[in-house]
Each structure stands twice: as C-alpha cells, then as structure tokens.
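This is what each chain is made of:
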Amino acid sequence: MLDHLLLQTIIIPVLCSPAIILGRRVFGKKAAWIARAGLLYSTLLTLFATLQLTATGNPLIENYPFAGPAVTMNLLGDGLSLPVALIINLLCTALAFYADHYIDHRIEAIYGEIDQKTSVNHYTRFYALFLLFPTGFMGVCFATNLIGIYFFLEILPLPLYFIMAMFGYVDRVRVAMICLMWAVFGAGFFLVGSVIVYYHTASFAVASIAQLAGTPSAFWVISMFLITIMAKMAVVPFQVWMPWVHAEHPTCIAGLLAVYANIAVYVMLRLLIIPLTGDFQIFSLPLMTLALITMVYGALLTLGQTDIKRFAACSTISQLAYSMLGVCSLTKAGIDGGMFFFLGHIMSKTIIFSTAGIIVYTTGIRDMRQLGGLARKMPLTTALWIIGAMGLAGFPPMSSFPGEWIMFTGIFKAGLMGSTSKLIIAIAAAAAITLSVVYCFRSVKIIFYGPLNEKFAEDRHVKDPPLSMSLPLLAVAATAVTLGLFPKYILDLFHQVVATIPL
Amino acid sequence: MQLYAWLAIILPLIGIPLIWAGARINGFLRNTAAVAFPIMAALCALRLFPLLLHPEQLPLESSRIWITHPFTLEIGILLDPLSLILTLVVSIISAVIAVYCLGYMKGDPGICRFLMLVNLFIGSMLLLVLANNLLLLFVGWKLVGLCSYGLIGFYYQDDRKYWIGGPPGEAPLTTPSFCGLKALVVTGVGDLIMLGGILILYGYAGTLNLMALYHTAPVWFPEMARNPNMVILVSFMLLAGPIGKSAQFPLHEWLPEAMAGPGPVSALIHAATMVKSGVYLVARLMPIFYIGRWVADCPDATIFFTITAWVGAITAFLAATQGLVAKELKKILAFSTVSQIGYMWIGLGVAGLTQTTLVAGTSAGIFHLISHAIFKACLFLCAGSVIHAAHSIYIQDMGGMRRYMPRTWLCMLIAAVCLMGVPPLPGFWSKDAILLAGLEAHHIPIFIIAIVTVALTAFYTTRMVGIVFYGPESRHLQDLQKKSPSHEAPAIMWGACALLALMILALGLGGPWAEHLLHHNFTLNLTETLNLPVNSAEPHPFNYHLLVTCLSIGGILAGAIPAWLLYGSRKISILIQPKSVINELYVLFWRRWYIDSFYNRVFIDGTLKFADFIALRIENNFDTLLHRRLPALVTENLPNLFLRLKTESENFLYIGAYLMAIIMATIGFALWH
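About the criteria used
Residues numbered from 1 in each chain as written. Chains lettered and ligands numbered in written order. Predicted model: local features only at pLDDT ≥ 70, side-chain atom pairs only at ≥ 80, totals over all residues. Heavy atoms only, no water. Helix = DSSP H or I, 4+ residues; strand = E, 2+ residues; numbered from the N terminus. Buried < 20%, exposed > 50% of the residue type's maximum accessible area, 1.4 Å probe, protein only. Areas by Shrake-Rupley, 256 points an atom, 1.4 Å probe, with all protein chains shown as cover. Rg over C-alpha atoms; globule rule 2.2 N^0.38 Å. Contact = heavy atoms within 4.5 Å. Lys, Arg positive; Asp, Glu negative; His and termini not counted. Charge placed at Lys NZ, Arg CZ, Asp CG, Glu CD. Buried area = accessible area lost by both parts, 1.4 Å probe. Salt bridge = Lys/Arg side-chain N within 4 Å of Asp/Glu carboxyl O. Polar contact = N/O pair within 3.5 Å; in protein donor to acceptor, adjacent residues only side chain to side chain. Nonpolar A, V, L, I, M, F, W, Y, C, P; charged D, E, K, R; others polar. Pairing = 2+ DSSP bridges. Arc of directions from axis to C-beta. Expected span 1.5 Å × (residues − 1). Bend = angle between axes of the 7 residues up to and from the residue. Phe/Tyr/Trp six-rings, centres within 6.5 Å; stacked < 30°, edge-to-face > 60°. Core = buried A, V, L, I, M, F, W, Y, C linked by side-chain atoms within 4.5 Å. Domains from an automatic or database assignment.

Details of the overall build of chain B
Stage number 1. If you tally the helices and strands in chain B, you get 25 helices and four strands.
Stage number 2. Referenced to the eigenvectors of the C-alpha coordinate spread, the extents of chain B come out at roughly 105 × 65 × 60 Å.
Stage number 3. The buried share among the 673 residues of chain B stands at 60%.
Stage number 4. Accessible surface, chain B: about 25,900 Å² in total, of which carbon and sulfur atoms supply 68%.

A few points about the overall build of chain A
Stage number 1. Scanning chain A for helices and strands turns up 20 helices and four strands.
Stage number 2. For a compact globule of 503 residues, the expected C-alpha radius of gyration is about 23 Å, and chain A comes in at 22 Å, within 12% of that figure.
Stage number 3. Every one of the 503 residues in chain A was classed for burial, and the buried ones make up 67%.
Stage number 4. Across chain A, contacts joining residues at least 24 apart in sequence account for 82% of those joining residues at least 6 apart.
Stage number 5. Put simply, chain A shows about 15,400 Å² of open surface, and 68% of that area lies on carbon and sulfur atoms.
Stage number 6. A gap of 3 Å separates the mean positions of the 28 positive and 21 negative side-chain charges of chain A.

Re the interface of chain B and chain A
Stage number 1. Every contact between the two is made by 55 residues of chain B and, on the other side, 61 residues of chain A.
Stage number 2. Taking both sides of the interface into account, the surface hidden between chain B and chain A amounts to around 5,200 Å²; carbon and sulfur atoms contribute 76%.
Stage number 3. One can count one salt bridge joining chain B with chain A.
Stage number 4. The salt bridge partner of Arg628(B) is Asp171(A), with a shortest N-O separation of 3.8 Å.
Stage number 5. In this structure, the connection of chain B to chain A is made through nine residue pairs in polar contact (both at pLDDT 80 or more).
Stage number 6. Listed by contribution, the elements that provide at least two residues to the side of chain B that touches chain A are β1 (60–67), α6 (134–152), α7 (176–205), α9 (230–245), α24 (595–648) and α25 (652–672) of chain B.
Stage number 7. Grouping the amino acids of the side of chain B that touches chain A by side-chain chemistry returns 39 nonpolar, ten polar and six charged.

Points about the environment of Cys101(B)
Stage number 1. In this fold, Cys101(B) is placed in helix α4 (residues 81–104).
Stage number 2. Using a relative accessible area of 2% as the deciding quantity, one classes Cys101(B) as buried.

Looking at the pairing of β1(B)
Residues and elements named next belong to chain B.
Stage number 1. Relative to strand β2 (residues 73–79), β1 is paired through seven bridges, and the arrangement is antiparallel. Bridge assignment links Ile-65 to a residue of β2, and that residue is Glu-74.
Stage number 2. The hairpin formed by β1 and β2 contains five residues between the paired strands.

Points about unusual backbone geometry
Stage number 1. For the peptide bond that leads from His69(B) to Pro70(B), omega is 0°, which places it in the cis range.
Stage number 2. A cis geometry characterises the amide bond from Phe249(B) onward to Pro250(B), with omega recorded as 10°.
Stage number 3. Mapped onto the fold, Pro250(B) is located in the loop between α9 and α10 (254–257).
Stage number 4. Positive phi is not limited to glycine here, since His4(A) has a value of about 50°.
Stage number 5. Examined against the element boundaries, His4(A) turns out to sit in the segment before α1 (5–27).
Stage number 6. Using a relative accessible area of 47% as the deciding quantity, one classes His4(A) as partly exposed.

What to know about helix α19 (residues 475–483) of chain B
All names here are of chain B.
Stage number 1. Listed in full, the buried residues belonging to α19 are Leu-477, Leu-480 and Gln-481. Buried positions in α19, seen along its axis, are confined to an arc of 105° and lie on one side of it. Opposite the packed face of α19, turned more than 90 degrees from it, sit the exposed residues Arg-475, Lys-482 and Lys-483.
Stage number 2. On the buried face of α19, the contacting elements are α15 (358–390).

Observations concerning helix α12 (residues 277–303) of chain A
Stage number 1. Between the first and last C-alpha of α12(A) there are 36 Å, a value that for 27 residues agrees with the 39 Å anticipated at 1.5 Å per step.
Stage number 2. The largest bend in α12(A) comes to about 45°, at Phe283(A), with the proline Pro286(A) one to four residues further on.

Structural notes on the packing of aromatic side chains
All names here are of chain A.
Stage number 1. All told, the structure shown has 48 aromatic pairs over all chains when counted by the stated rule.
Stage number 2. Between the aromatic rings of Tyr-198 and Phe-204, the centroid separation amounts to 4.6 Å while the plane-to-plane angle is 15°, which identifies the pairing as stacked. Summarising the burial analysis for this pair, Tyr-198 and Phe-204 share the class buried.
Stage number 3. Here the aromatic rings of Phe-219 and Trp-220 are separated by 5.2 Å at their centres, their planes lie at 90°, and the arrangement is edge-to-face.
Stage number 4. Linked through ring pairs, Tyr-123, Phe-126, Tyr-127, Phe-130, Phe-133, Phe-137 and Phe-167 together constitute an aromatic cluster.

A few points about the environment of Val175(A)
Stage number 1. Inspection of the secondary structure assignment puts Val175(A) in helix α8 (residues 172–201).
Stage number 2. Along the primary structure Val175(A) and Glu248(A) are separated by 73 residues, whereas in three dimensions their C-alpha atoms are 7.5 Å apart.

Observations concerning the pattern of salt bridges
Stage number 1. A full pass over the atoms with the stated rule returns 22 salt bridges over all chains.
Stage number 2. Asp171(A) is paired through a salt bridge with Arg174(A); the nearest N and O atoms lie 2.8 Å apart.
Stage number 3. Glu257(B) is paired through a salt bridge with Lys182(B); the nearest N and O atoms lie 2.9 Å apart. With Glu257(B) in helix α10 and Lys182(B) in helix α7, this pair connects stretches of sequence that are 75 residues apart. Each of the two residues, Glu257(B) as well as Lys182(B), counts as buried.

Comments concerning the nonpolar core
Stage number 1. Core analysis: the biggest nonpolar cluster contains 457 residues, and Phe137(A), Phe280(A) and Phe441(A) have the highest contact counts within it.
Stage number 2. It is α15(B) that provides the largest number of residues to this core, a total of 21 residues.
Stage number 3. Each of domain 1 (316–590) and domain 2 (598–672) of chain B gives at least three residues to this core.
Stage number 4. Sequence-distant contacts of Phe441(A), defined by excluding residues within four places in its chain, comprise Ala389(A), Met390(A), Ala393(A), Phe395(A), Leu146(B), Tyr149(B), Leu181(B) and Leu184(B).

Concerning the side chain of Thr93(A)
All names here are of chain A.
Stage number 1. Within the secondary structure layout, Thr-93 lies in helix α3 (residues 81–111).
Stage number 2. Since its relative accessible area comes to 6%, Thr-93 is described here as buried.
Stage number 3. Here the side chain of Thr-93 touches Thr-43 through a polar contact of 2.8 Å, side chain to side chain.

Concerning the environment of Glu170(B)
Residues and elements named next belong to chain B.
Stage number 1. One can find Glu-170 in the loop between β3 (164–165) and β4 (173–174).
Stage number 2. Here the alpha-carbon distance between Glu-170 and Ala-416, two residues 246 residues apart in the chain, equals 27 Å.
Stage number 3. Among all residues touching Glu-170, those that are not within four sequence positions of it are Lys-327, Trp-590 and Arg-591.
Stage number 4. At a separation of 2.4 Å, a polar atom in the side chain of Glu-170 contacts the side chain of Lys-327.

Structural data, given as structure tokens:
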C-alpha cells in the first residue's frame, strides 16, 4: 500500500474523478464522499511520507519511464516538495468538505429550480473536476522533469476553466476564458524555456538545468520561466487577471487558486534558483523591486475594493509578492522564510476566502458597504475572518509570523551584505506590511463591526454556517497556529534542500 | 526561580480556555477562572521579589531552542532588575484590575470575551517583559497590540452611548470600532519599522538574545558604525516601535481615542501596563547604545538618547496642554498618561547623554513608571466608577460627586495629588528624580519644559478633581438624581481603588527606600553585570536637589492654585474674549494642535483616495485594455486583416500553415530525441 507513495498521491484523486461520475447514479450526492475519502487518503500518504523523511532524512525517489529517457515521470519527495504537498493536500481535503453546502447553493443560484437528477449531475461534476487540482498540484510538487511539470501545470487551468464556467459568478464564461488565456500565455513561455533547456542539454530533467549554469543560455531560460512565473503570481504588470479570476470563482476553490498562483514560487526555486543560483543573481534586485511594487500596488488595490470577494482576490496579489521578495533576496533565510510564508499565506487565504464565501452564501451580498455588524449574528464566522486576517497581517501565533520574521531576516541580510538598494527595499517592504494590517482589519470593521444592517436583524438565515463548512476551516486555522508555534519541523525539512544552494 | 517566571506567563494563558469553558457552565466558574489565574500569576511574580533584594544573584536566564534553521532562535526568559520590576508592576496591577472588572462588567453580554482578552493581555504583557530575546519580546509586543485592539473596540456594535469625542455639537464623535482600528494601525506603523531595526541589529550582532547583545556590542557596534549613518538609521527605526506603543509624539494620537474601551481596559492597558512597554523597550535597548557611545566611542550613538529625551519632553508638554481643555474625564487621564510617559522618556534619554547620569536617569525613569502605573490605574478605576454613576463621560455633566461617592472621591484625590507630584507621595519622588537627572545632564531646555509641564499637570489635575467632585451639581446630574440617584460604586470596585490608593500611600512613605533599592539594583546591573563605564557626578556649585524640589513645588502651586480658584472653590472666573490670545490657545489645544486632523486628512483620506485612484482608474483602465479592447482587436480586426492579406496574396494563409507545420514538426522531432 505504501509502495509508489508519491505516485499514489497523484493518481488517487484523478482515479476518484471518474468513480464519482460513474457512482453518481448509485450514490447520488453521496458520491462526493469518494472525493473526500480519496483526498483524506492522499493527505495521510503525504503525511506519512513527510514523517518518514523527517525520521530518516532520505528523500523519496520513484522512477517511472514515460517517453524515452528524455521525458520520464520520475518523482522526488524531498524536504521542499513534501511539506508543500502536505499542506496543499490538507487544504484540498478541507475544501472538499467545505464545498458540500456551498456548491449546492451555487447550483441553486445559477440553475434555479431543477430536478434532482440534474442537480446531482452538476454537484458530482464539480467534485469530479475538483479532483484535478490535487493531481495537478502533487504533480508539480513531485515531478522531476520539465515536461512533467509543464503537463501538471497545464492540467490546473482545466478544472479552473470548467468550474468557473459552470459554477462561477459574474460574467462567468468570459472570466473562464480570461483564466484560460492567461494560463496559455504563461505556458507558452514555459514551453519555450523547456525547449531551450533540452536544446542545450538533450534532457528535460530538472537536474540537467544546472548544466546551463554560467552559459548565456541560462539568462534566456531564466527569462522565459520568469515570465510564466510572474504571470502566474500576478506580479505587476501581470496582475490584471487575478481580481477577475480569483473573485468570480466559487469560493470553495478560491483557496486553491491562491495555491495555483503561489506554487509558482516553488517552481521558481526548484527550476531556477537551485540549479542556476549564480546566473539568477542579476535578476535578484529587479525582481525584489517588482515584488515591492506589487506588494504596495496590491495592498492599495485591496483597500480600494468594496466587493468582498474582490477584496480577498486583490490581497492575494500583495501577499504573493512577499514570498517572491523573500525568495528573490537569495539568502537562505529569505528562501526558507519565503517558502514558509507561502504555506502560511495559502492557509490564511483559504480561511479568508472561504469565510467570504460563507458571508455571500448566508447574506447573498458581496458589497461590503451593505454588510456591517455581522459579528452579532455570526460570531464564529467573525472569529474565522479575524484568524485569516491575523494570518495575512503576520500576527503571532499564525504561521505567517515566523515566516515573515525569517524571510525579512534574509531580506535585510541581503541589504546589509549587498547593495544599498536592497536595504531600502527591505525597509520599505517592512513598512509596507502596515498596509496589510490596514486592509485586513479595516475589512473586519466594515463587515463585522458597527450596527447590524436592519435587513439582517430579522433574517433567520443570517447565522453561522453549518459545521460542515466551519469545521474544515477551523482545522486549517489549527494547522496554521500549530505551524506558527512549532515551525521547526517544516523549516528543518526545507533546509535539507536550501542548505545545498551555494549562497 | 525561573519556573515562577514561566508560570507567571503561562497561568493567565491557561485561564483563557477555562474562562470560556466556565462560561458554558455558570457565571461563577467563569469569574473564578478570570481572577484566579491573574492572581496566581501575581503570586508567582511576588515570589520573585526577593531577587530584587539580592540583585547580586541576577541575571538569571532560562531558554530552549525554538528553531535551528536557517539560524538558531530560542525562546526564553530573562530575570534582571528591569524585567523583575516590570513583572511585579504588571502582574500585581493586572490582578487588582481583573477583580475590579467583575464588578464593572457585571451583566455585560460580552463579559466572557472581555475576560478572555484581559487574560490574554496579561500573559502577553508578561511575555513581553520577561522575554530574553528580541524575537519573543516582539511576539509579546504584537499580542498586546492585538489585545488592545480587541479591548478598545470591545463595544464593536458602536452603540451611540459608547462613542467618544464631542461633546455633541462641539467636536466630532468617534466609534469604538474606529478607535480600535486606529490604535492597531498607528502602533502597527511603529512596530513594523522597529522590526526592520531589530533585523538590522541582528544582521550585525548575529544574535537576538539580550544579554548576548549587551556583551558583544563592543565588537559589532563599531562595525555597524563604519557604515555611514547606519547607527542613526537604526536608532530611529528601533525607537519607532516604543514611540508608537507608548503614544509619544508623533505617534501619540491613538491613545486619547483608546478611551473608547471599558474603564478597566483604560486602567490596565492604556495607563498601567501596555503603554509602558515602550518605556521598557527603551530601557532594554539603552545599554547597547550606551556601549556604542561610551565604549565603542561612536558619537552617532548619542542620537538614540537625544531622540528619546526630546520626544519625551515634547510629548510631555503637548499632551499636558491638551489635558488642560479636555472635557471627557477619561480623555483628561489619557492626555495625562501620554504626558507622564514623556517624563519617563526624559529620564531614560538623559541617562545616556553623559556618563554621570546613567544610573540616576534609568532608575528615575523606571521609578516613575512604577508610581505612575499605580496612581494612574487608581485614577482610571475611580474614573470608571464615576462615569458609571454619572452616566456620562463628560466632566461638565458631573459636579459635586463627592457627596455621592465619598470612598471613590478619597481614592481619586490621593491618586490625583500623587499625579501632581505633591510630597511625600511617590509621584513626587519619581518626578523629582527625573528632573534632577535632567538637570545633572545639563540639558537645560528639556529641564525647563519638564518644569513647565509640572505646572500644567497640577492645573489639569486640579481642574478635573474640582469639576467632578466639587462645585454645584450639573443639570445632567440633577436630572439623573430624580430618575435613579447616584451612589457609591459596589464594594468590589471601590475596594480595588482603595487597594491601589493604599499602595500609593505605602510607596509614598517608602519612596526614598524604593528609590534607593532601584538605584542599587541598576548600579549593580549596569555597572557590574554589563560593565558599563560611569563617572561619579562632579560637585555642584549649589544644591541641585533642593533647587529641583523648590522648582517642582513652585510649579505645582503655580498650576494648582489658579485651577482650584477657578474650578474647585469657584472664587474667580474668567471670561475668555473670542479674539484673545487665551482663546487662540484654547482652540489650539482643543484641536489637539491640529495634529490629529492633519493625520486624518493626509494619512487616512489620502491613502483611501490614492487606493480609489488605483482601483478605479489605473487598474480598471488596464483591465479594459487587456481584457476588452485587446480581445476585440483580435476577434474583430484580425480576421479582416487576414481577409485583406488573402486578397493581396492568395497563398499567404497556405504559407503560414506550412511554416506552422514545420515549427511543430521541429518541436516534435526534438521531443522524440
């Protein structure tokens, strides 16, 4: 059962997908439990692999031939990929539970009064598509081949496209198209970068990228991959897709969209910084500058929002730039902290977005100005939002606090050891966190504090959501707090890989 | 001994889930949990008191590794005179206030949340003062800020009765939720700049452990000083956090609004404890910069002390002037808090300006911290009782309250006299020690500001006591007596006030002994443990101590006598002409020197307008360009272009397709190999 452990984490979800479609006639909506069970199993597998790695220190390597020696499906579970995969799997599982009521509500809102069979069809279709996310994410985490990573990165826009088109909000088909076109845009550059690597090394293996170190081609490879990464991470000036795509998706996958965007940091580290450390140096300062601009721009953009979902979406732009700033500082602390912050961010963003979903689900209102005073009727939801806000603003004991601290230690170190420009960026970035505090806690004030909207006072539907929606989010919050109190376990794993980078 | 320090931190935190669980069963269990754990924490702290009598045993440290990669960080506690004094002050006053809360908050639907936040605050504050490194200190720092936010905005539903500001028609009113946010953001600005300073310090020192920072400073400080202006930059950045937390100029504007929280919150957080964390941190960082100045011989390090002293002096004066005209009872006390903390900053600032004032300035600043914590907590608790009884936050709605609340009056009078600095109460000893240190440092402008502020303090304190407790009853109070007569606060509330008043009297009588104890502790700590070089003071041409005492008492009389005649005995009255200088000054002080309105206009309105500009103009236009116009261009115009090309060159499309096929085949071939 524990053989081919990494492969199982990729394959199991995608196998559950047709099982749901086939099983819907027999089990109806209960077929969704196939997805939840599959994801629970997959999460446990990842947890087991992580514990094994912690105990032995030996990375898990699984070799699978695919299309000749150039294109393999070899998988690597090391100190970098396994913690990332574990947290992502946990989020997928939590959201699979959370989505139960939410997606029912969306189906009703979009398709109106429909018969039971059609409703089941829509419901199970969502879960069948949803399972492509964990497959894609696990593939990106574990693949050791550029074509493999490309393949899994390109799987991800498919469920995004279809779920958006079928279950999204405003102008959903057009936004689905925007999402797909941006994915294709990024993919094109990724493919070109991969082909350049192959042209020079006759291999698509990630390990072979290091052969380009010190050659002029390294610059072009880094440039091509960086365009993809920046497009995925919504770095200014590629940010424009994020508010639409992030905000108009059903919120039960919005947390995964944050993963979809943020995983590009992992890709950058794996494909560019580890193998081409020296060549990446000249990109460090421009990327840190762009990250700072994105942090401030994203934060101001967030402050300017009145739509609760666009608020969460725009904050992602700003938050993603933190990880990028840390990793691009090219210090070990910056990289460790940036990756740890990435995990903290995806957990906090899942909580914030899902809570926004709860509010929209309960009140039917997205305009924050029409909300207000909800804390009186929705105390648990308020607590969840505040926990998410604390995570985004980097308050202890959330995991983003140690992430931010370690990351900024690295960023300041880069400033003190390197150019004055980096020190200025470091100081400006630390001060810019204030904007995160402002938009996070201002949203608490607008949505939850103040007098209760009269419309909600008598509305019996305006109350905390069912436990199936809040418990998964509480579990994510508990994980974020646990990691905040005990970051050592994850940081030690990261460091197994980061220590090998010649910095 | 270290175990008691750990327990003092942990016990209030254990109380939090137990309060929640107790509330699910009954109110008694909830209340028991709410007071038992702070009291146990105070007992643990008291168990540490003997260490202050034997300071040669200090410092004591206990720590464990938190993370080892990418660098080693530990969590631990440090027991030295500074942390011990703060631990005692915080834990004992917190325990007294926790008991008071049970009476004050009785019947409030949010009492469980309130008590949980109070316990979290106590644990976090003790973590802050006992931390042995800057990381853990920063954790406590952020957590107390968060608790403060939650407690200021406690009445989050923003019922009109909880709005502060005004009186209605005279000044704008503010909601509790806004006040909480303002406090969080303003202090947050300072916190994050300070974070940068800490990380630069870490970049040079390679450690965050406080004792290691002190001991290695002679090595790394000169290295930092080699970088032009780096010491000045770090000084500014490190002081930004304490300036924000202690509500010092220019980040002082949040504290008056923090009075939107319940009365005990103002006493606990915004008078006795949290606002002192800035003073504590300055005292913590002082040895580093002292070493930089007097051991490493880096003149830039003086800037740390100069900023501290001047910020303190400016704030003490600014806030006192605003206290002169304030109309809300708690706001007068808030301005007073800001002003008095300014005195502490003066003490710490002048401590490092010369080698003769280190111990005197430090012990004076910390002594004033202790005495202020007690008398201001007492004043705030009494103010809470008075507001409860008068059903109004404005002093003009009170008057003659002495006859309804004799016990509260007596307690408040003792605390108010102490605030003015009347001998032999502790406020006198501690304030005089600061003034003396200022004079000995030969910082005459700061000394003069401090003396002027003594007179202002005496004036606003007497005015407050006079209007609230003496003179005729206000119309509001007369109306209130017809509906529900005012009466003395419940025993649990006045009992807490009386306990604090007794502490004031005790500390006053033992003032010289306490001053000596502090002096002895800091002498041992700073000169022997940390090995800081000090010189003994040069003989003065005349008795500085006598001069300071005379000037101080003269200042008190200069402020208190006119205030008493105007507001207490009401034997004189002034008619202020609309265009007179006094009126101009009144408006300036009432408008808070226009600083708050400037901040509102520039930082709040400015940021929000800029955010709207980005969201509505830049982003929307960019979005339209990329997601509307570009697709339209491609889908509508490109086919026309192709059609035109097809007409002009029949084979164009075929050639394009052919080229495409070749590119695809090349990629396919590359993949195959």
